[in-house]
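The lines below spell out each chain.
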Amino acid sequence: MDNNEIKDNLCPPATKKIKIDNFGIKAILSDDYKKDIELMQVHSCQLESKQQLQAVIKELALKLPHFQHLKRVHDRNVLICPSDDIKETLEQHLKLHQISDNVLKALCRNVNVIEVPASSAKLRVQYEKMSKFWPCKFHPDKYAESLQNGSNFTDSQRAYHKRMAELLWKLSKDVSKGQNVGICVDPRRPSIVAIAGDGSSHQHCVMWLVDHVARSQRGGAWQSDVEFVKDEPHTKSTLSGLPQIFYDYLKQDAACQDLSLGAELPRREEQQQQSEPVVEDIHADNLCKYGPYLCTGYDVYLLREPCLMCSMALVHSRVKRIFFLEQSENGALTSKFQLHAVKELNHHYEVFQFTM
Ligand SMILES: [Zn+2]
């Protein structure tokens with residue numbers, strides 16, 4: 001396994017060129033990362049002296065534990081509770097929550113209603129805007145930051161993604177009569193596992209691609225008149241997810257000679273046992289641990305943004321990342337929906353759009 005590859009993905013070094021020429025890779029992040037700051041009205045007060053702080057904070061933390069995303073105190077100003085929570089007067093509200101007389105007296109002087117951020121910041125840029133209203137707590141997510149500013153890929157990774165983007169164009173134009181094309185890649189080597197076009201039937205290219213990946217794992221349910229590459233006996237990897245027509249094109253194209261082709265064969269049960277570490281590492285890549293299973297750990301490159309049905313098929317297939325070039329009218333990853341941002345789904349892939 002290429003440890004550097006995975007490390008690069010998770011912890012990008014600080015110094016990184018963001019762009020090679022005009023080719024760009026934009027992460028499609030969920031709206032949580034882009035939304036404007038929402039504010040809420042809050043009752044606050046200014047304490048008479050700093051000596052009161054300790055007792056006030058201790059009691060508020062216990063009896064009115066609001067504002068986990070904010071600092072509770074700023075100079076002598078204290079956040080008491082959301083204004084919406086107060087049904088009658090502040091004093092009654094505090095009594096209702098069994099605030100002691102001393103603290104209650106301190107809190108009911110110099111009361112103001114102010115606006116503070118209603119939720120926590122996901123990105124530093126949001127945090128900086130929010131802090132203008134009230135001091136916030138912030139736990140930077142380095143990976144999310146790198147996705148947002150485009151520094152999550154190394155130069156060699158970007159170069160490979162760019163080659164795949166160009167290959168999508170070429171395969172569509174030269175082999176698939178301008179129709180959609182999909183490429184599935186095992187990013188560890190990286191190596192092309194399967195390729196599919198829209199074909200002559202009504203099925204979409206992604207549905208074929210998922211089936212072609214299954215072929216590389218000795219499965220594949222769909223009948224088609226497509227001819228596939230046949231493996232040599234005793235081979236260590238398989239080309240059986242590649243239709244002959246795409247394979248021949250890659251073999252005759254001088255620019256594609258150095259591209260690695262083929263998938264790791266599915267492991268037998270005893271091999272899986274051997275490679276399973278004794279201590280469960282939740283961060284270990286399941287593809288490395290257990291070998292190929294559906295599209296686990298694989299990347300999918302598509303000429304066109306997939307529709308809802310295809311996007312859902314890619315969720316079921318456990319794809320790691322999706323890269324696409326063109327938006328489509330009924331696309332489900334940015335144009336019409338953001339399927340990968342639906343929290344309730346049991347698998348989430350990352351989504352990137354190529355810009356050229
Ligand atoms: Zn579709």
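Every residue gets a number counted from 1 within its own chain, in the order that chain's sequence is written. At least 70 in pLDDT is required for a residue's local features to be given in this predicted model, at least 80 for side-chain atom pairs to be given and counted, and no such filter applies to totals for whole chains, interfaces and linings, which use all residues. Only heavy atoms go into the side-chain values, all of them from the structure, while hydrogens and water stay out.

1. Details of the sheet that holds strand S4 (residues 77-82)
In short, DSSP must find at least two bridges between two strands for them to pair. To qualify as a helix, a DSSP run of H or I must reach at least 4 residues; to qualify as a strand, a run of E must reach at least 2; elements of each kind are numbered from the N terminus. Pairing within the open sheet is antiparallel, and its 4 strands lie in the order S3-S4-S2-S5. Either end of the sheet is taken by a strand with one partner, and the two such strands are strand S3 (73-74) and strand S5 (111-117). Where S3 meets S4, 2 bridges bridge the pair, whose relative direction is antiparallel. Bridging across to S4, Val73 finds its partner in Val78. Sitting on the sheet, helix H2 (residues 53-63) is in contact with S3 and S4, with an inclination near 20 degrees to S4. When checking whether two residues touch, look at their non-hydrogen atoms; a contact exists if any pair is within 4.5 Å. Each axis is a line fitted through C-alpha atoms, taken for helices only over the stretch in contact, and angles between the N-to-C directions span 0 to 180 degrees.

2. Considering the coordination of the zinc ion
Sites may look incomplete because water is not among the atoms; the donors themselves are N, O and S atoms within 2.8 Å of the metal, or within 3.2 Å for Na, K and Ca. In the first shell of the zinc ion, the protein supplies His204 (ND1), Cys307 (SG) and Cys310 (SG), at 1.9 to 2.3 Å from the metal. Each donor residue of the zinc ion lies on one chain, and together they are spaced H-x102-C-x2-C. Of this pair, His204 sits in the loop between strand S7 (191-197) and helix H8 (205-216) while Cys307 is found in the loop between strand S10 (299-304) and helix H12 (308-316), placing the two residues 103 residues apart along the sequence. The class of His204 is partly exposed, set by a relative accessible area of 33%. Only protein chains enter the accessibility calculation, which uses a 1.4 Å probe. A residue is then buried if its area is under 20% of the maximum for its type, exposed if over 50%, and partly exposed in between. On the accessibility criterion, Cys307 (11% relative accessible area) is buried.

3. Brief notes about the packing of H8 against H12
Axis separation between H8 and H12 bottoms out at 8 Å; the angle between their running directions is 20 degrees. In terms of orientation, H8 and H12 fall into the roughly parallel class. Along this stretch, H8 crosses H12, giving a crossing that reads as left-handed. Contacts from Val206, Met207 and Val210 in H8 reach Met309, Cys310, Ala313 and Leu314 in H12. What sets the label is the angle itself: under 35 degrees gives roughly parallel, over 145 gives roughly antiparallel, 65 to 115 gives roughly perpendicular, and the rest give oblique. In this scheme, a crossing is called left-handed if the near helix is turned counterclockwise away from the far one by less than a right angle; it is called right-handed if the turn is clockwise.

4. Description of the sheet that holds S7
As summarised here, the arrangement of the 6 strands in space is S1-S12-S11-S10-S6-S7, forming an open sheet in which the pairing is mixed. Of all strands in the sheet, those with a lone pairing partner are strand S1 (24-27) and S7, marking the two edges. Across this sheet, the average inter-strand angle for adjacent strands is 20 degrees, counted without regard to direction. Direction of pairing for strand S6 (residues 181-186) relative to S7: antiparallel, over a ladder of 6 bridges. In the strand pairing of S7, Ile183 is matched with Ile195.

This is a description of form; function is not addressed.
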